[in-house]
Amino acid sequence: MGKTYERIDGRLRTFIEEQPLFFTATAPLASDGTVNLSPKGLRGSFAVLDELTLAYLDFAGSNAETIAHLRENGRITLMWCAFQGPPNIVRVHGHGEAVFRDDPRFAELLTRFPDIDPSPHGLRAVVVVHAELIRDSCGYAVPYMAYETDRDLHGKRFAREDDATLSAYFEKKDHIAVSLDGLPGLPLPLPPSSV
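To start, this report covers the structure provided alongside it. (Residues numbered from 1 in each chain as written. Predicted model: local features only at pLDDT ≥ 70, side-chain atom pairs only at ≥ 80, totals over all residues. Heavy atoms only, no water.)

Once that is clear, we can look at the pairing of strand 8 (residues 125–137). Here strand 1 (residues 3–5) runs beside strand 8; their pairing, made up of 3 bridges, is antiparallel. The residue of strand 8 that forms the bridge with Lys3 is Asp136. As paired elements, strand 5 (residues 53–58) and strand 8 share 6 bridges and run antiparallel to each other. If you follow Leu57 over to strand 8, its bridge partner there is Val126. With 12 bridges joining them, strand 7 (residues 89–100) and strand 8 adopt antiparallel strand pairing. Across the sheet, the residue bridging to Val90 is Asp136, located in strand 8. (Pairing = 2+ DSSP bridges. Helix = DSSP H or I, 4+ residues; strand = E, 2+ residues; numbered from the N terminus.)

The next subject is the pairing of strand 5. Within strand 5, 6 of the 6 residues are buried, which leaves it mostly tucked inside the rest of the structure. Looking at chain direction, strand 4 (residues 46–50) and strand 5 are connected through 4 bridges and run antiparallel. By the bridge assignment for strand 5, Ala47 is matched with Ala55. Following strand 4, the chain reverses through 2 residues before pairing antiparallel with strand 5. (Buried < 20%, exposed > 50% of the residue type's maximum accessible area, 1.4 Å probe, protein only.)

Within the largest apolar cluster, 20 residues are counted, with the highest numbers of intra-cluster contacts made by Ile8, Ile16, Phe46, Leu54, Leu78 and Trp80. Elements supplying a minimum of two residues to this core: helix 1 (10–18), strand 4, strand 5, strand 6 (75–81), strand 7 and strand 8. Among the elements that take part in this core, strand 8 stands out by supplying 4 residues, more than any other. Contact partners of Ile16, with chain neighbours within four places excluded, come to Ile8, Phe46, Val48, Trp80 and Val90. One finds Leu42, Leu110, Phe113 and Val128 within the second-largest nonpolar core, a separate group that totals 15 residues. (Core = buried A, V, L, I, M, F, W, Y, C linked by side-chain atoms within 4.5 Å. Contact = heavy atoms within 4.5 Å.)

What follows is the structure, given as structure tokens:
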């Protein structure tokens, strides 16, 4: 049924890179803290950097739970499901960090996403994940579903923002600068971009 992999390469890498949707799961250290599970999409916003390192673009949204949990403890799991083709579920358990816009690594990381223009999406950070455990499982109960296209609503909504108005938008939200559990979230005002 399930298999453990030493690295992300070959068919495993192809499978991951072909999926239009993946999920992130994080949690605070507190036993009564809020577990967060988020869907991620938008073609071109995910990249395999090397055999043990993955990254995705973190865009504007209504909270920053993943960022807050990564800042506190770094634990993260990424998951992909095959909604078409042979059944498969892949999970990458590891540690991650949010590389913010003022980090010297930010500009180089952006070059790893050549198939998307992040500017209309309110880019907040690049999340980099270092894999520690890579496993798959059967996915027999995952339904068949067809991918049609990305929604264009996110880009339309945030394309009208500049750094100042995006920061103002985030400052009005309850769970951007501080998580649901009171952890530090996205640094505000937004750091200036290094690109």
